[in-house]
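Each chain is listed here by its residues.
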Amino acid sequence: ARRRGVEIRRHRRLLRHPEHPFIVGHIDRWVRENGTRGVLEVKTVGRRTDDWGPAGTDEVPAHYAAQVIHYLAVTGAPFAELAAFFRDSCELVTYRIPRDEEAIAALVEAEVHFWHTFVVPRVPPEPRSLEDIAKRWPRSVPEKSLTATPEILRAVEELRTLQGEQKRLAEREKGLRAEIQRFMEDAEALVDDAGRVLVTWKTVASERIDTRRLRAEHPEIAAALTVRTESRRFLLKGGGR
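Criteria and thresholds
Residue positions are counted from 1 within each chain, in the order its sequence is given. In view of the model being predicted, local features appear only for residues whose pLDDT reaches at least 70, and side-chain atom pairs are presented and counted only at 80 or more, with totals across whole chains, interfaces and linings using the full set of residues. Side-chain measures were taken over the full set of non-hydrogen atoms in the model, leaving aside hydrogen atoms and water. A run of H or I in DSSP counts as a helix once it spans at least four residues, and a run of E counts as a strand once it spans at least two, with each numbered from the N terminus. Our radius of gyration looks at C-alpha atoms and nothing else; its globule reference is 2.2 Å times the residue count to the power 0.38. For the exposure calls, accessible area comes from a 1.4 Å probe over protein chains only, and a residue counts as buried if that area is under 20% of its type's maximum, exposed if over 50%, partly exposed in between. Any two residues whose heavy atoms approach within 4.5 Å are treated as being in contact. Note that accessible areas follow from Shrake-Rupley with a 1.4 Å probe, and for residues the cover is restricted to the protein chains shown. The convention is simple: Lys and Arg are positive, Asp and Glu are negative, and His and the chain ends are not counted. For the purpose of locating charges, the reference atoms are NZ of Lys, CZ of Arg, CG of Asp and CD of Glu. A pair of Phe, Tyr and Trp rings is counted when the ring centres sit within 6.5 Å of each other, with Trp represented by its six-membered ring. The angle between the planes then sorts it: under 30 degrees is stacked, over 60 is edge-to-face, the rest tilted. Note on pairing: two strands pair once DSSP finds at least 2 bridges between them. Here, axes are lines fitted to C-alpha atoms. For helices the fit covers the stretch in contact, and angles between N-to-C directions go from 0 to 180 degrees. Residues enter a nonpolar core if they are buried and are Ala, Val, Leu, Ile, Met, Phe, Trp, Tyr or Cys, with the set joined through side-chain atoms within 4.5 Å. Patches here: salt-bridge-free residues with over 30% relative accessible area, like charges joined within 9 Å, nonpolar side chains (Val, Leu, Ile, Met, Phe, Trp, Tyr) joined within 5 Å. Salt bridges are defined by distance alone: a side-chain nitrogen of Lys or Arg within 4 Å of a carboxyl oxygen of Asp or Glu.

Caption draft 1: Quick look at the overall build of the protein chain. Scanning the protein chain for helices and strands turns up 6 helices and 9 strands. In terms of overall dimensions, the protein chain is more spread out than a globule: its C-alpha atoms have a radius of gyration of 27 Å, far above the 18 Å expected for 241 residues. Across its three principal directions, the C-alpha atoms of the protein chain cover 70 × 60 × 50 Å. Relative to its 241 residues, the protein chain shows a buried fraction of 20%. In the protein chain, the proportion of contacts linking residues at least 24 apart, taken out of those at least 6 apart, comes to 53%. Counting only carbon and sulfur atoms, one obtains 52% of the accessible surface of the protein chain, whose full area is about 19,500 Å². Looking at the protein chain, you have 42 positive and 38 negative side-chain charges, and the mean spots of the two groups are 6 Å apart.

See the structure below:
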């Protein structure tokens, strides 16, 4: 507000889309500029990556743009501003996203589809990542097995091949590391003829709790601080056909 000379107001109530009440939003602030009110969204970002454009443009990462477009759909505001504070450079940069009816219509259509296809009938969407899969099926059923289809058999064999290649690459990587470290001996850095640093191999101190000693000398404390977790371990078995 001080830098731009604009008025900023808090809005505490939940906002709803005028036609689809299940589409809601809770904006960070309203911003008023030249008598026109828009949405203000505020972000703290670790570093300024390539998907952030120049100040004043609408070039922001896609997930932030989608959130702002959602708020424009809910509020009916003519514009939104996104103020991003980048921690790495201690820089505050403001972006402006004008109202785009085509983008808003596309997003609302996708949200309505998602709501009526998955939320209302309580049908989970297909998982799209390993994280999604782990949340969808967190535990295995004992003794349950499935017979692989031809497509899954091909996937298993391709995965087996890739894992073999990764193992060979990992062994080669260890060999190259050893060759370079033998040459460096106790040197902290390796440079080229122009003095440009190619590799660093520095001593780094760290601290950790000796869990074996803790369990031996203070078993009651170790037991009190032990947390049991569950996960599913994925392993390829056999060597194929």
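Next comes the rest of the description.
Caption draft 2: Geometry of the packing of aromatic side chains. For the coordinates displayed, the defined rule picks out 5 aromatic pairs. When the centroid spacing of 4.6 Å and the interplanar angle of 5° are considered together, the rings of Phe22 and Trp115 count as stacked. Placement of the pair is Phe22 in the loop between β2 (15-16) and β3 (24-25) and Trp115 in helix α2 (residues 101-119), with a sequence separation of 93 residues. Accessibility expressed as a relative area gives 23% for Phe22, which makes it partly exposed. With a centroid separation of 5.5 Å and an interplanar angle of 45°, the aromatic rings of Trp52 and Tyr64 are classed as tilted. Note that Trp52 is positioned in the loop between β5 (36-45) and α1 (62-75) and Tyr64 in helix α1, a separation of 12 residues in sequence.

Caption draft 3: Region of the structure containing the environment of Val156. When you line up the elements, Val156 lands in helix α4 (residues 150-184). Overall, Val156 belongs to the partly exposed group, its relative accessible area being 27%. On a C-alpha basis, the gap between Val156 and Gln166 in space is 15 Å, while along the polypeptide they are 10 residues apart.

Caption draft 4: Looking closely at the sheet that holds β5. Taken in spatial order, the 5 strands of this open sheet run β1-β4-β5-β6-β7, and their pairing is mixed. Of all the strands in the sheet, the pair left with one neighbour each is β1 (7-9) and β7 (91-98). This sheet shows a mean twist of 30° between the axes of neighbouring strands, independent of strand direction. Judged from the 5 bridges that link them, strand β4 (residues 29-33) and β5 form a sheet pairing that is antiparallel.

Caption draft 5: Here's a closer look at the nonpolar core. By size, the foremost hydrophobic cluster in this structure holds 27 residues, and its most contacted members are Val39, Trp52, Leu72, Leu82, Ala84, Phe86 and Tyr95. For this core, the secondary structure elements donating two or more residues are β5, α1, β6 (79-86), β7 and α2. For this core, the element with the most residues is α1, which contributes 8 residues. Beyond its immediate chain neighbours, meaning those up to four positions away, Leu82 contacts Glu41, Lys43, Trp52, Tyr64, Val68, Val93, Thr94, Tyr95 and Ile97. Counting 5 residues, the second-largest nonpolar core is a separate cluster that includes Val6, Val31, Leu40 and Phe79.

Caption draft 6: Just the pairing of β4, in detail. Examined bridge by bridge, β1 and β4 share 3 bridges and lie antiparallel to one another. Across the sheet, the residue bridging to Arg9 is Trp30, located in β4. Hairpin geometry of β4 and β5 is characterised by an intervening segment of 2 residues between the two adjacent antiparallel strands and by a positive phi of about 55° at Asn34.

Caption draft 7: Here's a closer look at a nonpolar patch on the surface. Among the surface-exposed residues, Leu130, Ile133 and Trp137 lie close enough to one another that they form a single nonpolar patch of about 330 Å² accessible area. Relative to the elements of secondary structure, Trp137 occurs in the loop between α3 (130-136) and α4.

Purely geometric stuff here, so don't read any function into it on its own.
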